[in-house]
Amino acid sequence: TPGLGVTPPPGATPGDEGGPPCLPAAAGPGLLDYLAGARAGLVLDDFHHIHHPRLHAALQAWLDRAPDGLCLVIAGRTQPALALGGLRARGLLTELDADDLRFTPAESRDFLRRHVPGAPLDPADVETLARRTGGWAAGLNLAALGLSKPAGRRQFMASFDGTHHYLREYFTETILRRQPPRVQAFLLRTALLKQLNGPLCDALTGYEDGQALLLRLWKDNLFITRFEDGDWYGYDELFSEMLRDQLRRQFPGEIPGLHRRAADWYRRNHILDEAVYHLLAAGAWEEAAGLLEEVALWELEQCGQDSRLLRWLQALPESVVQQHKTLLFVYLQLAQLALSEQEIEGFIRRIEANLAAAPPETYSADEGAVLEEIRRIRRTWTPGSAFALPAQASGPHAARWAALNGLYLLKRVYGPHPPGLERQIAGLLRQGQAQHNRFVILLAGGSLARWWLAQGSLRRSARVARQVLAQAAGPDGRLPEPASIPLAVLSQVYFERDELDLAESYLARARQVDPDPASTNMPLQIAVQQAALQAARGEAQAARATLQAARALHARRPSRVWRQQDLLAYEARLCLRMGDYAAAEELLAQAGEPGDHTLLDLAYAHLAWIQGGYAGAEGLLVPLLAENPDGLPHEPLLEARLLLALALAGQRQLHLACQVLAAALRQAAPEGFVRPFLEWAAPCAPLLGLALGAEAPDSPAAGLARLALRRAGLPEAPAADPAVALAAAVTPREQEILRQLAAGLTNREIAGRLGVSASTVKTHLGHLYAKLGVHSRVQALAQAQALQLV
């Protein structure tokens, strides 16, 4: 038969007139005779084009008589209408469905790296494409094609969704237009839904067979996923975007009504968060605001979805928000954690202007209190500070409000730390745990984990991060959006321990739990950490591109906790490691002068050390370390300690340099904090050799020094230069006495300069002579000059 590509044997008779030929009569005997006794294979491709029941029945009958040696392959987009239970029970059936054919995330990444020419793709872009395509091979192929075009990767990434012409043409030509008109209408009118079940779809379409249609679409593999409970489905992301685009093109006037019908169904079924989404999409502002007042605190406490709630509040007109005190206060609390100060200040100014322009007698029940609170904030709030909103001392939500109001403390983590801040944040975490408030647990716990990370306490940081992740996980194990904070902390912990694969996996999870954040705080944090990982893997150019993309994002959407100087400083430090000193100097010139900013000071100190300005580097690093005993907001200060040791060594203050390095080793060793020692292993090798000689061989500090040298490809026990070891034995006080001797001063004059007795100077000289192996001032000065101590 033509459908099988087999010529009927002589004497075969066609099937009944008006229908397709009967397979056993037309081809069965001859084909069976041909295949009998031979190991043969038969492939029926594009089987989804076969719809006639008689053909299905004929193939079933033929299968029942097929020889044992036959290997039959049926390929198509839909499940064939055949009775396969017997074959399955006998172990004679292998089935590959759409999920089996999807690329895993790792395979998606590998495919894109292999098939996109030019510079390596940004890992964040690879993750986005792998997630958006869901491992769909054709989608990945179209993405690779688009990324190869000369228009530019950034432009393609910004436009790659279901409305991109590559995908729109594929979906409409191969899927949508091949469906019956009734199914096309069903697909378009339900495209607005994130999740679908039969009754909900019936409410939008007016049909009565929504559940059966969904089951059929799923069996036909029409880019729809069935969830575990079996009654709920969801369109694949790109397919859904194409359908919504077609709905806007063909039936734009129906969209508000569809959203209202969806909102009504969700409200009747007490799924209030989805009802809010559809009311906002329908432009039903007052109804949405009223419902938001009911669900806002619940949304934070039970769901922890702050990005979603903030987007809902931003979707409301400000003239509506100002009439609802609860919504305004929730918005301000979330905004001061997520949005830039310019956005918050502009919002407050506009609300005040709107209310001040209206006669008080026209105020709603809340607007008078809103104006009073806005004016209080304007009087007391200064840029860089945090503000607390009035707590509700009574009512059913008093405890929730108290916990939410306490979150203003977290803003202080990114500035000067007032006394007792760590204790206050720990108390806020305990409050959130007592209330089972997932949002407070993640925000306070994530901030506490970052606090310990900044201090170099990696074990404590990881323990807090894991604890809050376990407490905030839902019954299904899923994590809410703010889980990106402790996940990013864990990524940084493993990076500092040089466990790069684990660091990469936690960073990927941080992206996944909050793929569409309302603020740029976490995207910038993730970009900085991604760049560090790329640099550690030797992908310096890709790391710089990641930081440049982060700076562009910050320029478009300023962050609450990052400044442009931070990102310029990170890129400058990367350029210094790459040896591109001119680029580093240019970036630092854009960022500001030394002393303007902590991360800039660290970068300037690095540049000064490279240029031989050891005293200048020391002059920047000493106050940096003294003024930030708890570390910097975004990273620990262990690298600054190593750089200080090198700056001191450059000035031949070797005794003090060894003390600084030894203290850093002893602090880092119990934490497994090895990464900075790896990055600075080569210039620090002489000092590490001295440290190994001074430490007990089995001490944690000695073990960390050997580990850093080994991983950096250097000898684990570098031979100590006798001259360096001798110079390192001279204390700073003894070195000062040598300088006074070189100036020709007597013991009495030296004592007067140093504020000590002449006998003390004599004692110091005795120690010096013993260390240097000399017996006179002249010999001591000669040896000191040879060691470059004076």
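Residues numbered from 1 in each chain as written. Predicted model: local features only at pLDDT ≥ 70, side-chain atom pairs only at ≥ 80, totals over all residues. Heavy atoms only, no water.

From N to C terminus, the chain includes 44 helices and 4 strands. A compact globule built from 790 residues would reach a C-alpha radius of gyration of about 28 Å, whereas the chain, at 35 Å, exceeds it by more than 25%. Projected onto its principal axes, the C-alpha coordinates of the chain cover approximately 125 × 90 × 50 Å. By the burial criterion, 50% of the 790 residues in the chain qualify as buried. If you take every contact in the chain between residues at least 6 apart in sequence, the share linking residues at least 24 apart comes to 64%. When the accessible surface of the chain is summed, it comes to about 35900 Å², and 52% of that surface belongs to carbon and sulfur atoms. With 78 positive and 84 negative side-chain charges, the chain shows a separation of 4 Å between the mean positions of the two kinds. (Helix = DSSP H or I, 4+ residues; strand = E, 2+ residues; numbered from the N terminus. Rg over C-alpha atoms; globule rule 2.2 N^0.38 Å. Buried < 20%, exposed > 50% of the residue type's maximum accessible area, 1.4 Å probe, protein only. Contact = heavy atoms within 4.5 Å. Areas by Shrake-Rupley, 256 points an atom, 1.4 Å probe, with all protein chains shown as cover. Lys, Arg positive; Asp, Glu negative; His and termini not counted. Charge placed at Lys NZ, Arg CZ, Asp CG, Glu CD.)

Time to look at the pattern of salt bridges. Note that side chains of opposite charge can pair when their charged atoms are close. In total, this model carries 32 salt bridges according to the counting rule given. With its nearest N and O atoms 3.2 Å apart, the salt bridge here joins Arg-573 to Glu-635. Of the two residues, Arg-573 sits in helix H31 (residues 564-578) while Glu-635 sits in the loop between helix H34 (614-627) and helix H35 (638-650), which places them 62 residues apart along the sequence. The class for Glu-635 is buried, based on a relative accessible area of 9%. Note that Glu-639 is salt-bridged to Arg-573, the shortest N-O span being 3.1 Å. In this pair, Glu-639 sits in helix H35 while Arg-573 sits in helix H31, placing the two residues 66 residues apart along the sequence. Owing to a relative accessible area of 10%, Glu-639 belongs among the buried residues under this scheme. Residues participating in the shared-partner salt-bridge network are Asp-498, Arg-573, Arg-577, Glu-635, Glu-639, Arg-675, Glu-679 and Arg-711. (Salt bridge = Lys/Arg side-chain N within 4 Å of Asp/Glu carboxyl O.)

With that settled, the discussion passes to the nonpolar core. Core analysis: the biggest nonpolar cluster contains 222 residues, and Val-330, Leu-332, Phe-677 and Leu-687 have the highest contact counts within it. Ranked by residues supplied to this core, first place goes to helix H25 (residues 438-454) with 11 residues. Judged by nonpolar contacts, the second largest core, of 17 residues, contains Leu-745, Leu-765, Ala-780 and Leu-789. (Core = buried A, V, L, I, M, F, W, Y, C linked by side-chain atoms within 4.5 Å.)

Time to look at the side chain of Thr-546. Tracing the backbone shows Thr-546 in helix H30 (residues 540-556). For Thr-546, a relative accessible area of 4% gives the class buried. Beyond its immediate chain neighbours, meaning those up to four positions away, Thr-546 contacts Asp-122, Ala-527, Gln-530, Ala-531 and Gln-534.

With that settled, the discussion passes to the packing of helix H32 (residues 581-591) against helix H33 (residues 598-610). Helix-helix packing: each pair is described by the crossing angle between the helix axes and the interaxial distance. One way to put it is that H32 packs onto H33 with a least axis distance of 11 Å and a crossing angle of 145 degrees. In this structure, H32 crosses over H33, and the sense of that crossing is left-handed. Packed against H32, whose contacting residues are Tyr-581, Glu-585, Leu-588, Ala-589 and Ala-591, the element H33 presents Leu-600, Ala-603, Tyr-604, Leu-607 and Ile-610 at the interface. (Axes fitted to C-alpha atoms, helices over the stretch in contact; angles between N-to-C directions. Left-handed = near helix turned anticlockwise from the far one by under 90°.)

Buried within helix H13 (residues 210-219) are the following residues: Gly-210, Leu-213, Leu-214 and Leu-217. On an axial view of H13, the arc spanned by its buried residues comes to 100 degrees, and they lie on one face. Where the residues of H13 are buried, they touch helix H11 (181-189), helix H12 (198-205), strand E3 (224-226) and strand E4 (233-235). (Arc of directions from axis to C-beta.)

Turning our eyes to something else, we now look at the confidence of the model for the chain. Averaged over every residue, the pLDDT of the chain is 84; residues scoring 70 or more account for 90%. Considering each helix and strand of the chain separately, the mean pLDDT is smallest for helix H1 (residues 23-26), with a value of 45, and largest for helix H27 (residues 484-496), with 97. Within the model, the stretch residues 1-26 combines pLDDT values under 50 with 34 contacts to residues more than four positions away or in other chains. (pLDDT = per-residue confidence, 0-100.)

What follows covers the packing of helix H28 (residues 500-513) against helix H29 (residues 521-536). Relative orientation of the contacting elements H28 and H29 amounts to 155 degrees, with a least axis distance of 11 Å. One way to sum up the angle between H28 and H29 is to call them roughly antiparallel. Crossing angle aside, the handedness with which H28 passes H29 is left-handed. Only Ile-526, Gln-529, Gln-530, Leu-533 and Ala-536 of H29 make contact with H28, whose side of the interface consists of Leu-500, Ala-503, Glu-504, Leu-507, Ala-510 and Arg-511. Classifying every residue of the contact of H28 with H29 gives 7 nonpolar, 2 polar and 2 charged. (Parallel < 35°, antiparallel > 145°, perpendicular 65-115°, else oblique. Nonpolar A, V, L, I, M, F, W, Y, C, P; charged D, E, K, R; others polar.)

Looking now at the environment of Ile-526. Topologically, Ile-526 is positioned in helix H29. C-alpha of Ile-526 to C-alpha of Gln-211: the two residues are 315 residues apart in sequence and 41 Å apart in space. What Ile-526 contacts, discounting residues up to four positions off in sequence, is Leu-507, Ala-510 and Arg-511.

Attention now moves to the packing of aromatic side chains. For the coordinates displayed, the defined rule picks out 17 aromatic pairs. Consider the rings of Trp-562 and Tyr-570, whose centres lie 6.1 Å apart with planes at 50 degrees: the pair is tilted. Classification of Tyr-570 by relative accessible area gives buried; the value is 12%. With a centroid separation of 5.5 Å and an interplanar angle of 65 degrees, the aromatic rings of Trp-609 and Trp-680 are classed as edge-to-face. You can see Trp-609 sitting in helix H33 and its partner Trp-680 sitting in the loop between helix H37 (675-679) and helix H38 (681-694), a full 71 residues away along the chain. Each member of the pair, Trp-609 as well as Trp-680, is classed as buried. Taken together through their ring pairs, the aromatic side chains of Trp-136, Tyr-170, Phe-171, Phe-223, Tyr-235 and Phe-239 make up a single cluster. (Phe/Tyr/Trp six-rings, centres within 6.5 Å; stacked < 30°, edge-to-face > 60°.)

Next up on the list: a negative patch on the surface. On the surface, Glu-228, Asp-229, Asp-231 and Asp-476 cluster together into a patch of negative charge. Locating Asp-476 in the fold gives a position in the loop between helix H26 (458-472) and H27. Accessibility expressed as a relative area gives 55% for Asp-476, which makes it exposed. (Patch = residues over 30% accessible without salt bridge, like charges linked within 9 Å, V, L, I, M, F, W, Y side chains within 5 Å.)

The next point concerns the environment of Thr-78. Looking at the secondary structure, you find Thr-78 in the loop between strand E2 (70-74) and helix H4 (85-89). Judged by its relative accessible area of 26%, Thr-78 is partly exposed. Placed 141 residues apart in sequence, Thr-78 and Lys-219 show a C-alpha to C-alpha distance of 6.3 Å. Setting aside its immediate chain neighbours within four residues, Thr-78 contacts His-48, Lys-219, Asp-220 and Asn-221.

Moving on to the side chain of Asp-236. Relative to the helices and strands, Asp-236 resides in the loop between E4 and helix H14 (237-250). Relative accessible area serves as the criterion here: at 17%, Asp-236 is assigned to the buried category.

A few words now on helix H18 (residues 306-315). The buried count for H18 comes to 7 of 10 residues, which makes it a mostly enclosed element. Listed in full, the buried residues belonging to H18 are Asp-306, Ser-307, Arg-308, Leu-309, Leu-310, Trp-312 and Leu-313. Buried positions along H18 lie against helix H16 (272-282), helix H17 (285-303), helix H19 (318-321), helix H20 (325-338) and H25.

All right, on to unusual backbone geometry then. Positive phi is not limited to glycine here, since Asp-498 has a value of about 65 degrees. Here Asp-498 lies in the loop between H27 and H28. Given the relative accessible area of 18%, Asp-498 is considered buried. Although it is not a glycine, Arg-652 sits at a positive phi angle of roughly 60 degrees.

Considering the arrangement of structural elements, one finds Tyr-570 in helix H31. Sequence-wise, Tyr-570 and Leu-600 are 30 residues apart; in three dimensions their C-alpha atoms are separated by 8.5 Å. Discounting residues that sit within four places of it in the chain, Tyr-570 has contacts with Val-528, Leu-547, Trp-562, Leu-599, His-634 and Glu-635. A polar contact is formed between the side chain of Tyr-570 and the side chain of Glu-635, at a distance of 2.8 Å. (Polar contact = N/O pair within 3.5 Å; in protein donor to acceptor, adjacent residues only side chain to side chain.)

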